[in-house]
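Listed here are the chains, written in short residue letters.
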Amino acid sequence: MLKEENRFSKALKSIARDQELKAYLQNSNELFPIFMKGVNRFVAGETRTEGLERVRNLDSKGYKVSLEFIGENTTSEEECILAKNEFKELIKELGKNQMDATVSFDLSHIGMMISDTLVFTNLEELAKEAQKHNIQLMISMEESQKTDKILSLYKRISKTFANVGITLQVHLKRSSIDLQDLLETPGRIRLVKGAYQESEGIYIPRSEELNKRYIEFVSMCIDSNHPLSIATHDENILMGLKAKGFLNSPNVEVEMLDGVRGDLLKSLKEDNIQTKVYVTYGSEWYLYLVHRIAEYPPNIYTFISDIIE
Ligand code: FDA
């Protein structure tokens, strides 16, 4: 990233959590519809119907799909229950249509900000429903202050449910130890570089060092024959892994965000590599959008062009 892009990225990440700005945009009759034109490249829509329509479209083209009803840091119990119910309906719909799909979510969306009991009860209910319909669940990873809690909830659920997987952020220094631990659990491990702005010293910024570490983590999962999702758009990393023959294992899939590097994912699919697209929907698209622009600032041009065109 260029110096100015880096500054822009940091500034964006710092407003990602600005609730006032988010509310202002969402309640503005003028700005909201304009913004949605740019948002739609990254988010399927605001409703479950729109999310499922996007899934069907990708499924018909031969992609596996992850689907998330966007949300996090939910602080009212009622809203956590509503979110859990939305995920449950999603699981039922995907199961009914016999889709090879994963439902992805943040634990802070279904109760982690309120109590361990609430989040675990909701998680267990979703895992049971998913097992009934042969659907996989994937827990996303949030800021580092939450890592211990998320990992401990994941380890607890994975004792009974092998259909629940976990995301690990390669950029956190602690993750090499966490990975050793996670290799002992049955669920799929999704490796991501990491999207959150972290404090100096606890993470490795985007660099060759981080890319090497990503490849090392992939190798460790492959050596253990562990179900793995390689969730990156980094072409150099993917081509390196492909050359090593790491992408052909039946336990491995390459997963990318909808709207990002679709060309690359398509070419991998055409090489018979298992590919998955991460689709999102919901009204809480603000943080998601800001992260997509912050991690790749040229997306701001795409966003503006989508609005103008
Ligand atoms: P990197 O950021 O180094 O980008 C490499 C190259 O990919 C760029 O040079 C560019 O060409 C392209 N690229 C990357 N992002 C782009 C974008 N938005 N638009 C256009 N091009 C782009 N993070 C997290 O902290 N917790 C989580 O639970 C998840 N979950 C998750 C699921 C899935 C399926 C994916 C793909 C990603 C996540 N992430 C995540 C986000 C992840 O941590 C990371 O921020 C992004 O994937 C971008 O990092 P890359 O690995 O692509 O590399």
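Anyway, here's the lowdown on the structure attached to this text. Not measured: the values here are computed from a predicted model. (Residues numbered from 1 in each chain as written. Predicted model: local features only at pLDDT ≥ 70, side-chain atom pairs only at ≥ 80, totals over all residues. Heavy atoms only, no water.)

### Let's talk about the overall build of the protein
Selection criterion: A run of H or I in DSSP counts as a helix once it spans at least four residues, and a run of E counts as a strand once it spans at least two, with each numbered from the N terminus. Only C-alpha atoms enter the radius of gyration, while the globule expectation follows 2.2 Å times N to the 0.38, with N the number of residues. Categorising residues by exposure relies on relative accessible area from a 1.4 Å probe, with only protein chains included: less than 20% of the type maximum marks a residue as buried, more than 50% marks it as exposed, and the intermediate range marks it as partly exposed. To measure how exposed things are, a 1.4 Å probe is used in the Shrake-Rupley method; for residues, cover is taken only from the protein chains shown.
A count of helices and strands for the protein gives 13 helices and 8 strands. Rg of the C-alpha trace for the protein: 18 Å, near the compact-globule value of 19 Å for 309 residues, within the 12% margin. The buried share among the 309 residues of the protein stands at 53%. When the accessible area of the protein is evaluated, it comes to approximately 14600 Å², of which 49% is carbon and sulfur surface.

### Quick look at the pairing of strand S1 (residues 64-69)
Going by this rule: A pair of strands is treated as paired once DSSP finds two or more bridges between them.
For S1, the tally of buried residues reaches 6 of 6 residues, placing the bulk of the element in the interior. Where burial is concerned, the two faces of S1 agree: the one with Lys-64, Ser-66 and Glu-68 and the one with Val-65, Leu-67 and Phe-69 are both buried. Examined bridge by bridge, S1 and strand S8 (residues 275-281) share 6 bridges and lie parallel to one another. Note that in S8 the partner of Phe-69 across the bridge is Tyr-281. Sheet analysis places S1 next to strand S2 (residues 101-105), joined by 3 bridges and oriented parallel. Of the residues in S2, the one forming a bridge with Val-65 is Ala-101.

### Structural notes on the packing of aromatic side chains
Selection rule: Any two of the Phe, Tyr and Trp rings considered here, Trp counted by its six-membered ring, make a pair once their centres fall within 6.5 Å; the pair's planes then place it as stacked at under 30 degrees, edge-to-face at over 60, or tilted in between. Any Lys NZ or Arg CZ that is within 6 Å of a ring centre and within 35 degrees of that ring's normal is treated as a charge sitting over the ring.
Evaluation of the coordinates by the stated rule reveals 3 aromatic pairs. Measuring from ring centre to ring centre gives 5.5 Å for Phe-69 and Tyr-281, while their planes differ by 35 degrees; the resulting arrangement is tilted. You can see Phe-69 sitting in strand S1 and its partner Tyr-281 sitting in strand S8, a full 212 residues away along the chain. Put simply, the rings of Phe-69, Phe-87, Phe-105 and Tyr-281 pair up and form one aromatic cluster. Directly above the ring of Phe-120 sits Arg-156, whose terminal nitrogen or CZ lies 3.6 Å from the centroid. Here Lys-269 stacks its cationic end above the ring of Tyr-63, 4.8 Å away from the centre of that ring.

### Concerning the site of the ligand
What counts here: Here a residue is considered near a molecule or strand provided that any single heavy atom belonging to it is located within 4 Å of it. Think of a polar contact as two N or O atoms within 3.5 Å of one another; within protein, one of them needs to be a possible hydrogen donor and the other a possible acceptor, and neighboring residues in sequence only count if both atoms come from side chains. Side-chain classes are defined by residue name, with Ala, Val, Leu, Ile, Met, Phe, Trp, Tyr, Cys and Pro counting as nonpolar, Asp, Glu, Lys and Arg as charged, and the others, Gly among them, as polar. Domain extents, as shown, originate in an automatic or database domain assignment.
In the vicinity of the ligand there are 24 residues, among which Lys-193, Gly-194, Thr-232, Glu-295 and Asn-299 approach most closely. Backbone polar atom of Ala-195 to an oxygen atom of the ligand: 3.0 Å apart, as the coordinates give it. At a separation of 2.8 Å, an oxygen atom of the ligand approaches a polar side-chain atom of His-233. Protein contacts shield 88% of the accessible area of the ligand, which totals 920 Å² for the unbound molecule. Put simply, the parts of the chain that give the shell around the ligand at least two residues each are strand S4 (164-169), strand S5 (189-192), strand S7 (252-257) and helix H12 (285-295). Broken down by element, the shell around the ligand gets its largest block of residues, 3 residues, from S7. Class assignment for the residues of the shell around the ligand results in 10 nonpolar, 7 polar and 7 charged. The two domains that each donate at least three residues to the shell around the ligand are domain 1 (1-43 + 282-309) and domain 2 (46-281).

### Things to note about the packing of helix H5 (residues 77-96) against helix H6 (residues 116-132)
Inclusion rule: Fitting a line to C-alpha atoms yields each axis, with helices limited to the stretch in contact; the angle taken between N-to-C directions then spans 0 to 180 degrees. Orientation is classified from the angle alone, with under 35 degrees giving roughly parallel, over 145 giving roughly antiparallel, 65 to 115 giving roughly perpendicular, and any other angle giving oblique. Whether two residues touch is decided by their heavy atoms; if any such pair falls within 4.5 Å, the residues are in contact.
Between H5 and H6, the shortest axis-to-axis distance is 9 Å and the interhelical angle comes to 10 degrees. Between H5 and H6, the interaxial angle falls into the category roughly parallel. Of the residues in H6, those touching H5 at Glu-77, Cys-80, Ile-81, Lys-84, Phe-87, Lys-88, Ile-91 and Lys-92 are Leu-118, Asn-122, Glu-125, Leu-126, Glu-129 and Ala-130. Looking at the contact of H5 with H6, its residues break down into 7 nonpolar, 1 polar and 6 charged.

### Focus on empty space enclosed by the protein
Put simply, the rule reads: The way it works is a 1 Å grid over only the protein atoms, where trapped points that fit a 1.4 Å probe form a cavity and open points with protein on both sides within 12 Å along at least five of seven lines form a pocket, and then any residue with an atom within 4 Å of a point lines it. Grid points are joined across faces, edges and corners, and a volume is the space filled by probe spheres set on the points.
Under the criterion given, the structure shown has 1 cavity of 30 Å³ or more. Here the largest cavity is characterised by a volume of approximately 40 Å³. Thr-102, Gln-136, Leu-137, Met-138, Gly-165, Arg-188, Glu-253 and Lys-276 together form the lining of the largest cavity. Looking at which element gives the most residues to the lining of the largest cavity, the answer is strand S3 (residues 136-139), with 3 residues. Classifying every residue of the lining of the largest cavity by side-chain character gives 2 nonpolar, 3 polar and 3 charged.

### As for the sheet that holds strand S6 (residues 228-230)
Strand order in the closed barrel made by the 8 strands is S1-S2-S3-S4-S5-S6-S7-S8, with parallel pairing throughout. This sheet shows a mean twist of 30 degrees between the axes of neighbouring strands, independent of strand direction. As judged from the 4 bridges shared by S2 and S3, these two strands associate in the parallel manner. Bridged to Thr-102 within S3 is Gln-136.

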